[in-house]
Amino acid sequence: MKAVEATNVAKAGKVNWALFNPKTYATMLYLLLALPLGIIYFTLAITGLAISIALTPVFIGIPMFFGMAKLINGIVSFEQGLIRHILGLPVPPAAAPKQPSAEAGTNWFMRMVKGFDGELFFRNLMLVVLRLVTGIVFFAVMIVALALGIGFIALPVVHIVLMNEYQLDILENNLFTYFHLNWTYNQQYLLYVGVGLFLFWVALRVVNGLMQVQRRIMYVDEAYLQPAPEPSAPAPASHPFHTPVIPQFEDDLPEHPETEKVWLA
């Protein structure tokens, strides 16, 4: 059951027909904003933690530290929700509200300390750092991939404009001249546009692939991959001995005299 649910979630976030899918262009916008958002997240997290540690002797740094832990958790939750929204993934079920316990009467500081999860805090802090790294890398990869495709597509237009306005032939010394191929400019234009369309399609696939990588880095699917409950063991038989099988038809009774006595009794 766990594997089936994970496969269904993966299919829900998969992007097909990248050129005509709005998820592709939403992903492009997300990766464009990844760089400034990653810088903001990293600055807030590191600055807040540094100030809280520095103010620890004044005691105000301790509640500030727990507040920064909540803020970092909120940043990770916001990023996970944003990726789910872009990829069209279902929202995980909300956790059931906790029942009031005897600890409700304790002060706010003790509740804050007991609600702190060290493992979750360090994981979220590493995710914020990785968010900055992936934001820079993914932004650069996307820009280069898209620029190659759009550059080849726009090359004929740029060549015509430069020839008409500045008498500058940027295609004068190219690979066609090097290999002594006497192709006309129109033939070269068709080749460049074809290569550009192919590279642009590849770039869109790369963009969607980067989003899938970001989805896995940010543990977006972790709420759907909870371990399945263990199957309950069958109840032991009440009688240790083998129970004789009672025939279902009257024709079988003469062949089983012992069973006949039990049935008649």
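None of these values were measured; they are calculated from a predicted model.

Draft legend 1. Expanded view of a nonpolar patch on the surface. A surface patch of nonpolar side chains, amounting to about 730 Å² of accessible area, comprises Leu175, Tyr178, Phe179, Leu181, Trp183, Leu191 and Val195. Listing elements by their share of the nonpolar patch, those giving two or more residues are helix 6 (175-178) and helix 7 (185-217).

Draft legend 2. A look at the side chain of Asn21. Position of Asn21 among the secondary structure elements: in the loop between helix 1 (2-12) and helix 2 (22-54). Its relative accessible area of 15% is what places Asn21 among the buried residues. Side-chain polar atoms of Asn21 contact the backbone nitrogen of Lys23, separated by 2.9 Å. The contacts of Asn21, once residues within four sequence positions are left out, are Val15 and Asn16.

Draft legend 3. Geometry of the packing of aromatic side chains. Inspection of every chain in the model, using the stated rule, returns 9 aromatic pairs. Relative to Phe121, the ring of Phe116 has its centre 5.7 Å away and its plane inclined at 50 degrees; by these criteria the two rings are tilted. For Phe116, a relative accessible area of 29% puts it in the partly exposed group. Overall, the relative accessible area of 7% leaves Phe121 in the buried class. When the ring centre of Tyr219 is taken as reference, the NZ or CZ atom of Arg123 above it lies at 4.9 Å.

Draft legend 4. Quick look at the nonpolar core. Counting 33 residues, the largest nonpolar core has Leu31, Ile72, Ile83, Val128 and Leu146 as its most contacted members. Listed in part, the 5 residues of the second largest apolar core include Leu155, Leu171, Phe176 and Tyr192.

Draft legend 5. Structural context of helix 3 (residues 61-87). In this model, helix 3 (27 residues) spans 39 Å end to end at C-alpha, consistent with the 39 Å of a helix rising 1.5 Å per residue. Looking at the residues trailing helix 3, positive phi occurs at Gly88, about 70 degrees.

Draft legend 6. Seen up close, the confidence of the model for the protein chain. In the predicted model, the protein chain carries a mean pLDDT of 79, and 73% of its residues have values of at least 70. Taken together, the stretch residues 248-254 has pLDDT below 50 and engages in 4 contacts with residues farther than four places along the chain or on a different chain. Predicted confidence for residues 256-265 stays below pLDDT 50, and this span has 6 contacts to residues more than four positions away or in other chains.

Draft legend 7. Local environment of the pattern of salt bridges. With the rule as written, the count across this model stands at 2 salt bridges. The salt bridge involving Glu79 is made with Arg131; its shortest N-O contact spans 2.8 Å. One end of the pair, Glu79, is in helix 3; the other, Arg131, is in helix 5 (residues 118-166), with 52 residues separating them in the sequence. Residue classification places Arg131 among the buried positions, given a relative accessible area of 2%. We note a salt bridge from Asp221 to Arg215, for which the minimum N-O separation is 3.0 Å. Accessibility expressed as a relative area gives 18% for Asp221, which makes it buried. You can call Arg215 buried: its relative accessible area is 2%.

Draft legend 8. Examining helix 5 more closely. Maximal helix bending in helix 5 amounts to about 45 degrees, located at Ala154; proline Pro156 follows within four positions. In this structure Asp117 caps helix 5, since a side-chain oxygen of it lies 3.3 Å from the backbone nitrogen of Glu119. Directly beyond the C-terminal end of helix 5, a positive phi value near 50 degrees is found at Gln167.

Draft legend 9. Broad picture of the environment of Gly194. Along the polypeptide, Gly194 turns up in helix 7. Taking the relative accessible area as the measure of exposure, Gly194 reaches 37% and is therefore partly exposed. When the C-alpha atoms of Gly194 and Ile153 are compared, they prove to be 7.6 Å apart, with 41 residues separating the residues in sequence.

What counts, and where the lines are drawn
- Residues numbered from 1 in each chain as written.
- Predicted model: local features only at pLDDT ≥ 70, side-chain atom pairs only at ≥ 80, totals over all residues.
- Heavy atoms only, no water.
- Patch = residues over 30% accessible without salt bridge, like charges linked within 9 Å, V, L, I, M, F, W, Y side chains within 5 Å.
- Areas by Shrake-Rupley, 256 points an atom, 1.4 Å probe, with all protein chains shown as cover.
- Salt bridge = Lys/Arg side-chain N within 4 Å of Asp/Glu carboxyl O.
- Helix = DSSP H or I, 4+ residues; strand = E, 2+ residues; numbered from the N terminus.
- Buried < 20%, exposed > 50% of the residue type's maximum accessible area, 1.4 Å probe, protein only.
- Polar contact = N/O pair within 3.5 Å; in protein donor to acceptor, adjacent residues only side chain to side chain.
- Contact = heavy atoms within 4.5 Å.
- Phe/Tyr/Trp six-rings, centres within 6.5 Å; stacked < 30°, edge-to-face > 60°.
- Lys NZ or Arg CZ within 6 Å of the ring centre and 35° of its normal.
- Core = buried A, V, L, I, M, F, W, Y, C linked by side-chain atoms within 4.5 Å.
- Expected span 1.5 Å × (residues − 1).
- pLDDT = per-residue confidence, 0-100.
- Bend = angle between axes of the 7 residues up to and from the residue.

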